[in-house]
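Below are the chains, spelled out letter by letter.
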Amino acid sequence: MEGGVHEVDASAFRECFSLAWRNPYVLRLAFSAGIGGLLFGYDTGVISGALLYIRDDFPSVDKKTWLQESIVSTAVAGAIIGAAIGGWVNDRFGRKTSILVADFLFFVGAVIMASAPNPTLLIVGRVFVGLGVGMASMTSPLYISEASPARIRGALVSTNGFLITGGQFLSYLINLAFTKAPGTWRWMLGVAALPALTQFILMLFLPESPRWLYRKRREEEAEAILRKIYPANEVEGEIQALKESVEAEIREEGSSEKINLIKLLKTKTVRRGLVAGVGLQVFQQFVGINTVMYYSPTIVQLAGFASNQTALALSLVTSGLNALGSIVSIYFIDRTGRKKLLIISLCGVVLSLGVLSAVFHETTSHSPGISRQETAHFAAYSCPAYQSASATGWDCMKCLKASSPDCGFCAAAADKLYPGACLISNSTVKDLCHGENRLWYTRGCPSRFGWLALIGLALYIIFFSPGMGTVPWIVNSEIYPLRFRGVCGGIAATANWISNLIVAQSFLSLTEAIGTSWTFLIFGVISVIALFFVLTCVPETKGLPIEEVEKMLEHRAARFRFWRKETDGDGKDSN
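Conventions and cut-offs
- Sequence order as written defines the numbering, with residues in each chain counted from 1.
- Where totals are concerned, whole chains, interfaces and linings use all residues; where local detail is concerned, this predicted model gives features only for residues with pLDDT of at least 70, and gives and counts side-chain atom pairs only at 80 or more.
- Side-chain metrics rest on all non-hydrogen atoms present in the structure, leaving aside hydrogens and water.
- Convention adopted: a line fitted to C-alpha atoms gives each axis, helices being fitted over their contacting stretch, and angles between N-to-C directions are expressed from 0 to 180 degrees.
- Elements are defined by DSSP. Helices are runs of H or I of four residues or more, strands are runs of E of two residues or more, and each kind is numbered from the N terminus.
- Roughly parallel means an angle under 35 degrees; roughly antiparallel, over 145; roughly perpendicular, 65 to 115; everything else is oblique.
- Throughout, a crossing is termed right-handed when the near helix is turned clockwise from the far one, and left-handed when it is turned anticlockwise from it by less than a right angle.
- In the scheme used here, Gly and all other residues not listed as nonpolar or charged are polar, with Ala, Val, Leu, Ile, Met, Phe, Trp, Tyr, Cys and Pro taken as nonpolar and Asp, Glu, Lys and Arg as charged.
- The contact definition used throughout considers only heavy atoms, calling two residues in contact when any of these lie within 4.5 Å.
- For our purposes a nonpolar core is just a set of buried Ala, Val, Leu, Ile, Met, Phe, Trp, Tyr and Cys residues, chained together by side-chain atoms within 4.5 Å.
- Here's how the labels work: a residue is buried when its accessible area is under 20% of the maximum for its type, exposed when over 50%, partly exposed in between, all with a 1.4 Å probe on protein chains only.
- DSSP calls a pair of strands paired once it identifies at least 2 bridges connecting them.
- Take a side-chain nitrogen of Lys or Arg and a carboxyl oxygen of Asp or Glu: if they are within 4 Å of each other, that pair is a salt bridge.
- Each cavity reported here is a set of points on a 1 Å grid over the protein atoms alone in which a 1.4 Å probe fits but cannot get out, each pocket an open set with protein on both sides within 12 Å along at least five of seven lines, and each lining residue one with an atom within 4 Å of a point.
- Grid points are joined across faces, edges and corners, and a volume is the space filled by probe spheres set on the points.
- Think of it this way: a Phe, Tyr or Trp ring, Trp meaning its six-membered ring, pairs with another when their centres are within 6.5 Å, and the plane angle makes it stacked under 30 degrees, edge-to-face over 60, tilted otherwise.
- Disulfides are defined as pairs of cysteine sulfur atoms found within 2.5 Å of each other.
- Expected span of a helix, by definition, is 1.5 Å for each gap between consecutive residues, and there is one gap fewer than residues.
- Here the bend at each residue means the angle between axes fitted to two seven-residue stretches, the one ending at that residue and the one beginning there.
- Patch criteria: residues need more than 30% relative accessible area and no salt bridge. Like-charged residues are merged within 9 Å; nonpolar side chains of Val, Leu, Ile, Met, Phe, Trp and Tyr are merged within 5 Å.
- Note on areas: Shrake-Rupley, 1.4 Å probe, and residue coverage restricted to the protein chains presented here.
- Looking at any residue, its pLDDT shows the predictor's confidence there, from 0 to 100.

Asks: An account of the packing of helix α4 (residues 65–93) against helix α6 (residues 119–146) is needed here, citing residue identities and associated values.
Replies: It is the contact of α4 with α6, at a shortest axis distance of 6 Å, that shows an interaxial angle of 40°. Compared by their axis directions, α4 and α6 come out oblique. When you trace α4 past α6, the crossing you get is right-handed. Of the residues contributing to the contact of α4 with α6, the split by class is 15 nonpolar, 10 polar and 1 charged.

This is the structure:
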């Protein structure tokens, strides 16, 4: 079996960092490849802040929700294609080549976005970035996994998750840094070219995955790399195990190159691995994480915080918690185990989504009223829909839903929770409202519950990040047999991005159609379903060499009586 049999080391976290002193080569491989995760995270986070200023520069974007969703989700559409072809490119040309191609695509996309004169070209740049992100999202953890000793593999692959969340945090910092700069969103999006260029240069000097080289009959190259990765007393066993693994595949297949969809589905271990791996990737998105990451400042505004700068600053807190959660994951992933982290994570996600749903229900049902006197103060700019209606029972939420033309809410000068004015929404009226030291609202309404919404968002991130944020990528990097790993990883990453696209393209439309409260409630119900899926369909892979995972799947089926202890084919408890 590949990787040999290693004892599970309870101090894998400490060993991972002590490795920097004993064998910095492994960390150099992990962190260089992990920059792909940084790119992934940066793009996820940066668009949420840039969108606030893109709306200001392009009136067509501000007025059309579907255009805002398209700017966000076309990168996801590109990522679907990138992840789909990424599996084939990984198996055909290698992990290193895939990362280099991803960096090139990301660099080109960042340059196009930064120079885009209109929304159309901006969307084209987003597609290029998405292609790169999609390919990197499944290649980086795969490369790290195949270049890591088994007992610290989870901790090292978690560094990819840490760099994803670190990229998101960095993007919010950069968003804040450029809020006052000319060109705001162009700088925000253009800076992304720098980490892509950095990784491209670093990867030129790093080797290919030793396991991929061995499958391509380049044994001497593979062995030379393994000798740099493993201690002298372990390397011969690893080389022998890898040799036996590849030879067994060749005997089974007749050729180590023949891979097709029918064979994937007919192979029991692969089929069960795909159910667990693809299912985790789909649920990772459907519990709503990228609505928070793509639209975090918008959600903050929906909770009653008016200014772009305030929304970005508060979103920085949630992004920081996300990065902190990924550090927690690195510590616990090889101590607690993958499955237990997922269960704890999903329980917390269900709780926090319930809080968010309740808070937004109170926010929308207790919004400030519309005052005739306050509106008359801006008589020339009062909202036509408000003027033509009987105006009985009008409040801030009803004002914001008015159209032809769109209307906004100018809060009362004395207190933002008092009845205010319903006015036409444009830059002139916005400046007029601000000129009287009033707050101007177009996304959400003033609320005394706004801080509770931030607490709900913080709880959501705290619970999501250590478990559902990183574990699906780790499980997918280790649950498939070597000969199918690139293709299966591509299938799972593609499923993740398709789910991401569905959520990103529908979130704002859902909040407009059924309200923010019901939208978060839907995510909460899906999280409950995800919890039962993890309990019944996801095996524990903590500390197992990759080939031992394959043996475990051979004897494992869905566990609908998940409360009973599971035993493997040898009668041992596998949980």
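Continuing now.
Asks: Go over the packing of helix α22 (residues 450–469) against helix α23 (residues 471–478), please, and point to the residues and values.
Replies: The interhelical angle for the contact between α22 and α23, taken along N-to-C directions, is 5°, at an axis separation of 6 Å. Between α22 and α23, the crossing angle belongs to the class labelled roughly parallel. Note on element contacts: α23 touches α22 through Val471, Pro472 and Trp473, opposite Pro466, Gly467, Met468 and Gly469. Across the contact of α22 with α23, the residue classes break down as 5 nonpolar, 2 polar and no charged.

Asks: How would you summarise the nonpolar core if you had to cite specific residues and measurements?
Replies: If you look at the biggest cluster of nonpolar residues, it comprises 133 residues, and the most contacted ones within it are Ile54, Trp185, Leu189 and Tyr460. Here this core gets 16 residues from one element, more than from any other, and that element is helix α2 (residues 24–57). In contact with Tyr460, other than residues within four places in its own chain, are Val287, Gly288, Ile289, Val292, Val349, Ser352 and Leu353. With 15 residues, the next largest nonpolar core counts Met397, Cys407, Cys422 and Cys445 among its residues.

Asks: I'd love a proper account of the sheet that holds strand β2 (residues 421–424), names of residues and values included.
Replies: Taken together, 3 strands build an open sheet; the order of strands is β2-β1-β3 and the sheet is antiparallel. The sheet terminates laterally at β2 and β3 (440–441), the two strands that pair on one side only. With 2 bridges joining them, strand β1 (residues 407–410) and β3 adopt antiparallel strand pairing. Note that in β3 the partner of Cys410 across the bridge is Trp440.

Asks: I'd love a proper account of the pattern of salt bridges, names of residues and values included.
Replies: As enumerated under the stated definition, the model contains 6 salt bridges in all. Here Asp43 ties to Arg126 by a salt bridge, and the two come within 2.6 Å at their closest N and O atoms. Within this pair, whereas Asp43 is found in helix α2, its partner Arg126 is found in helix α6, the two being separated by 83 residues in sequence. Taking relative accessible area as the criterion, Asp43 reaches 5% and is therefore assigned buried.

Asks: Please set out empty space enclosed by the protein residue by residue, giving values where relevant.
Replies: Taken as a whole, this structure holds 4 cavities of 30 Å³ or more when the rule is applied. Estimated volume of the largest cavity: approximately 200 Å³. Contributing to the lining of the largest cavity are 17 residues, with Ile164, Gln168, Gln284, Phe464 and Gly469 lying nearest its centre. At the level of secondary structure, the elements contributing two or more residues to the lining of the largest cavity comprise α2, α7 (153–177), α14 (268–286), α15 (289–302) and α22.

Asks: Before we move on, can you summarise the packing of aromatic side chains with the specific residues and values?
Replies: In the structure shown here, the tally under the stated rule is 11 aromatic pairs. With a centroid separation of 5.6 Å and 85° between ring planes, the pair formed by Trp88 and Phe93 is classed as edge-to-face. For Phe93, a relative accessible area of 42% translates into the label partly exposed. Three or more aromatic residues joined by ring pairs form one cluster here, namely Phe360, Phe507, Phe520 and Phe523.

Asks: Now, about the side chain of Ser357: what can you tell me, with residues and values included?
Replies: Mapped onto the elements of the fold, Ser357 is located in helix α17 (residues 338–365). Residues in contact with Ser357, not counting those within four places in the same chain, are Ser517, Phe520 and Leu521.

Asks: Which residues make up the state of the cysteines, and what values go with them?
Replies: Within this structure, the stated rule accounts for 4 disulfides. Linked covalently through their sulfurs, Cys396 and Cys445 form a disulfide whose S-S length is 2.1 Å. Residues Cys396 and Cys445 are joined through a disulfide that is left-handed, its torsion about the S-S bond being -95°. Residue Cys396 is found in helix α20 (residues 396–400), and its partner Cys445 is found in the loop between β3 and α22; the two are separated by 49 residues along the sequence. Two residues share a disulfide in this structure: Cys399 and Cys422, whose sulfurs sit 2.2 Å from each other. Handedness here is read from the sign of the S-S torsion; for Cys399 and Cys422, about 95°, the answer is right-handed. With Cys399 in helix α20 and Cys422 in strand β2, the pair connects residues that are 23 residues apart, well separated along the chain. Residue classification places Cys399 among the buried residues on the basis of a relative accessible area of 0%. With a relative accessible area of 0%, Cys422 lands in the buried category. Disulfide partners in the protein chain, listed by the sequence order of the bonded cysteines, are 1-4, 2-8, 3-6, 5-7.

Asks: Give a detailed account of the environment of Val328, specifying residues and quantitative values.
Replies: For Val328, the position within the fold is in helix α16 (residues 308–332). According to the relative accessible area criterion, Val328 is partly exposed, its value standing at 32%. As a C-alpha pair, Val328 and Phe162 span 166 residues in sequence and 9.3 Å in three-dimensional space.

Asks: Lay out the pairing of β1 in plain terms, naming residues and giving numbers.
Replies: Residues of β1 alternate between two faces, with Cys407 and Phe409 on one and Gly408 and Cys410 on the opposite face, all of them buried. Pairing of β1 with β2 involves 4 bridges; the strand directions are antiparallel. Along β2, the bridge assignment pairs Phe409 with Cys422.

Asks: Tell me about unusual backbone geometry, and please be specific about residues and values.
Replies: At Asn437, a residue that is not glycine, the phi angle is positive and equals roughly 60°. Relative to the helices and strands, Asn437 is located in the loop between α21 (427–435) and β3.

Asks: Run through helix α24 (residues 485–513), naming residues and quoting values.
Replies: An α-helix turns once every 3.6 residues. As a result, residues three or four positions apart point the same way. Taking 1.5 Å per residue, 29 residues should reach 42 Å; α24 reaches 41 Å between its end C-alpha atoms and fits that length. Of all the bends in α24, the greatest measures close to 40° and is centred on Phe507. Downstream of α24 by one or two residues, Gly515 has phi in the positive range, about 95°.

Asks: Any chance you could break down a nonpolar patch on the surface for me, citing the residues and the numbers?
Replies: A surface patch of nonpolar side chains, about 570 Å² in accessible area, is lined by Phe107, Val111, Leu197, Ile201, Leu204 and Phe205. Elements that contribute at least two residues to the nonpolar patch include exactly α5 (95–114) and α9 (193–204). The element best represented in the nonpolar patch is α9, accounting for 3 residues. Examined against the element boundaries, Leu197 turns out to sit in helix α9.

Asks: Give me the lowdown on the confidence of the model for the protein chain, citing residues and values where you can.
Replies: Mean pLDDT for the protein chain: 81, with 86% of residues reaching 70 or above. Below a pLDDT of 50 lies the segment residues 1–10, which in the model reaches 36 contacts outside its immediate sequence neighbourhood of four places, other chains included.

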